[in-house]
Amino acid sequence: MEIEFIKLLDKTSDGYNALFGVDGKDVKVGVCDTALSVWNIQRTKEIITLFLRQFGSLQIRLMLAENNLHDYTFTSDDFKKEDGDVLTLEDFDDYLKNKIINAEDKIIKQWKNK
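Caption draft 1: Expanded view of the packing of aromatic side chains. Tallied over the full model, the rule gives twelve aromatic pairs. In textbook terms, an aromatic cluster arises when at least three aromatic residues are bridged by ring pairs, as seen for W39, F51, F55, Y72, F74, F79, F92 and Y95. One Lys or Arg, K11, reaches over the ring of Y16 and ends 5.0 Å from the middle of that ring.

Given below as structure tokens:
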């Protein structure tokens, strides 16, 4: 499936959303202001666009692998480790990629067992 970043949408009352196209379907992925504060991310359109382009695409890949595509908003809870600390952006990138790999491996195992 093709995932296309379309544009950053106008700021909402509690964060930012981006519009993606996924095989002709519109999907919004957003990030709340609290999550941006966790990493002290500058709230410029360029930085927010880069953030949502990267992590929004990964989140959509994960939802597609889980067969559960829907609008999604990242919250500060998405970035917490089990011990309560906060994941770095690099760790969060790895975390999402590993979840995608695990979800895709699960699908492959199901296909092989048919």
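Caption draft 2: Spatial organisation of the pattern of salt bridges. Taken as a whole and assessed by the stated rule, the structure comprises four salt bridges. The salt bridge partner of K11 is D33, with a shortest N-O separation of 2.9 Å. Placement of K11 in the loop between β1 (3-8) and β2 (15-22) and of D33 in helix α1 (residues 33-38) is noted, with a sequence separation of 22 residues between them. A salt bridge links D77 to K80; the shortest N-O distance between them is 3.4 Å. Look at D77 and you get exposed, because its relative accessible area is 54%.

Reading the values: the criteria
Residue positions are given per chain, counted from 1 along the sequence in the order it is written. It should be noted that, the model being predicted, local features are given only for residues of pLDDT at least 70 and side-chain atom pairs only at 80 or more, the latter also being counted only at that level, while totals for whole chains, interfaces and linings use all residues. Computation of side-chain values covers all heavy atoms of the structure but excludes hydrogens and water. Between 30 and 60 degrees the pair is tilted, below 30 it is stacked and above 60 it is edge-to-face, where a pair is any two Phe, Tyr or Trp rings, Trp via its six-membered ring, whose centres lie within 6.5 Å. Geometrically, a charge over a ring is one whose NZ (Lys) or CZ (Arg) sits within 6 Å of the ring centre while staying within 35 degrees of the ring normal. The term salt bridge refers to a pairing of a side-chain nitrogen on Lys or Arg with a carboxyl oxygen on Asp or Glu at a separation within 4 Å. Counting from the N terminus, the helices are DSSP H or I runs at least four residues long and the strands are E runs at least two residues long. When a residue's accessible area, from a 1.4 Å probe over protein chains only, is under 20% of the maximum for its type it is buried; when over 50% it is exposed; and in between it is partly exposed.

Purely geometric numbers; function is a separate question.
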